[in-house]
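Descriptive structure summary
Chain by chain, the residues:
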Amino acid sequence: MTDIAIIGAGPGGLITALRLHQKGFRPTIYEAAPELRPLGVGVDIKVYGVKEIEELGLLEEFRAMSVDAVDSIFYNHYGQEIYAEKCGVHMGYLHEQRFVHRGYLQMMFYRTVLERLGEDAVKLGHRVVSYTQDDEAVTLEIAHEDGTTEHVTHSAVIAADGINSPTRKQMHPEAAEPEYSGITMYRGTTLRDPIRDGHTILHIGDPRISTMIIYPIADDFEGSGKQLINWVVEVDGEEAIEDWNQLGSIDDVIPLYDTVDIPYFDVQQLMRDAREVYLFPLIRHTPLDNWVDGRVVLLGDAAHAMYPRGGNGVCQAFLDARVIAEKLVELSDPHDAFVAYDAARREPVNRIVMNMRGEGYEVIRRMVAERTDGKPFDDIEQVLPLTEADDIFSKYHALVGQPRPGFDAGEATGFRTWEEVEAK
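Parameters and conventions
- Residues numbered from 1 in each chain as written.
- Predicted model: local features only at pLDDT ≥ 70, side-chain atom pairs only at ≥ 80, totals over all residues.
- Heavy atoms only, no water.
- Pairing = 2+ DSSP bridges.
- Helix = DSSP H or I, 4+ residues; strand = E, 2+ residues; numbered from the N terminus.
- Contact = heavy atoms within 4.5 Å.
- Axes fitted to C-alpha atoms, helices over the stretch in contact; angles between N-to-C directions.
- Polar contact = N/O pair within 3.5 Å; in protein donor to acceptor, adjacent residues only side chain to side chain.
- Buried < 20%, exposed > 50% of the residue type's maximum accessible area, 1.4 Å probe, protein only.

1. Details of the sheet that holds strand 20 (residues 296-298)
The 6 strands are arranged 8-2-1-12-20-19 in an open sheet whose pairing can be described as mixed. Looking at the sheet topology across the chains shown, the edges are occupied by strand 8 (122-123) and strand 19 (292-293). Note: strand 19 against strand 20, 2 bridges, orientation antiparallel. By the bridge assignment, aspartate 293 is partnered in strand 20 with valine 296. Of the strands in this sheet, strand 1 (4-7), strand 2 (28-30) and strand 12 (156-159) touch helix 1 (residues 11-22), which is tilted by about 160° from strand 1.

Rendered as structure tokens:
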């Protein structure tokens, strides 16, 4: 059985270890951090991501720590509704769409790895600096916090070492320097009573000024009886380092939402009540033309870092994990397995990477702003007909591997929330 090393104990690396364990492998994970803690804010796990979690036997535990997504509603910069769609099983998919705290998701995977693979399966405080290889094995140079180094050898290496992957830099030095997009993202969490029904993701704003996305990521958070709400604001900004844990200030973004008036909650108060605010520049990484170097392969953000829009970064890493495990079973030679994984995954994911550089389905808010010259509208159907928005959304969902049920049959898949209320 192939002796496999995984670099990185983020969600991608951990779920890869679990997928490999399902296939009879027992990989070793090397993680630079001396301790894993539930860092980060919210992630939106799409239906195809929930399917992967279910296949690992973790669906009930995942449900207990996450929130079911029911509705997704889009508003302009005045709080006027543009479009709404159902999510997950409420749309007709076979699996749920769920919102969760990224750190809690990572810790669930971490606990499961230790339970299934053993306490020694994850080597914390082991920062992989570089690799060398021959026809038979890969040797990793590992640095420890005390300044010492060591070398370990495995027959194959899967690098899930994140957005700033040293392995990618060694494999593709010409593509190592990313480019700032000009957009800065502010991410925060607020503890409060549920917004609307407690199962809604809100998309607010005129993209020419700023955009905001809001969704719940935990019910009864830490026994408080309240929901933990995740919110994200995008705005033109100045270049900063690519670090998920930089602290930001709400004072930079609150004034951008002076015009927003949504009857059931105060957007600005949500930001004022934030427990934490992080700043992150949106960085463009050049899509790679190859993820494989001999017995070493890239996975997750190391292979296809994309804008954190639409929940596809982490979910695509889940798909990477399943495919790479399948290929390592089908093909006895690790290099051949990695080449087959690359052939199956790279081009489809690169298309998603490029789509995320645009606005995906979020483009509808820009379209409305441009068609109304940034002013309030009287009738959304005269500005952006439901059928036109449906077409935009259906193309996007198909791109990421979740075609919308009913669309090909000519059924309307979006709706107006006021019509839904009237129907009741």
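2. Side note on the side chain of aspartate 161
Among the secondary structure elements, aspartate 161 is positioned in the loop between strand 12 and helix 5 (166-171). Side chain to side chain, aspartate 161 and serine 165 meet in a polar contact 2.6 Å long. Of note is the side chain of aspartate 161, whose polar atom sits 2.7 Å from the side chain of threonine 167. Apart from the residues within four sequence positions on either side, aspartate 161 is in contact with Ile7, Pro166, Thr167 and Ala302.

3. Notes on helix 2 (residues 47-55)
All buried positions along helix 2 are accounted for by Val47, Tyr48, Gly49, Val50, Glu52 and Ile53. Its buried side turned inward, helix 2 meets helix 1, strand 3 (42-45), helix 3 (59-65), strand 7 (98-101), helix 4 (102-117) and helix 8 (312-330). Just beyond helix 2, the residue with positive phi is glycine 57, at close to 75°.

4. Observations concerning the environment of alanine 344
For alanine 344, the position within the fold is in helix 9 (residues 334-357). With 20 residues separating them along the chain, alanine 344 and isoleucine 324 place their C-alpha atoms 9.4 Å apart.

5. Considerations on the pairing of strand 3
Covered by surrounding structure in strand 3 are Gly42 and Asp44 together with Val43 and Ile45, the residues of both alternating faces. As paired strands, strand 3 and strand 7 are joined by 4 bridges and run antiparallel to one another. Looking at strand 7, one finds that valine 43 is bridged to valine 100.

6. Quick word on the environment of valine 152
As for its placement among the helices and strands, valine 152 is situated in strand 11 (residues 149-154). Placed 147 residues apart in sequence, valine 152 and alanine 5 show a C-alpha to C-alpha distance of 9.5 Å. Once residues within four sequence positions are removed from consideration, valine 152 is found in contact with Tyr30, Val138, Thr139, Leu140 and Ile142.

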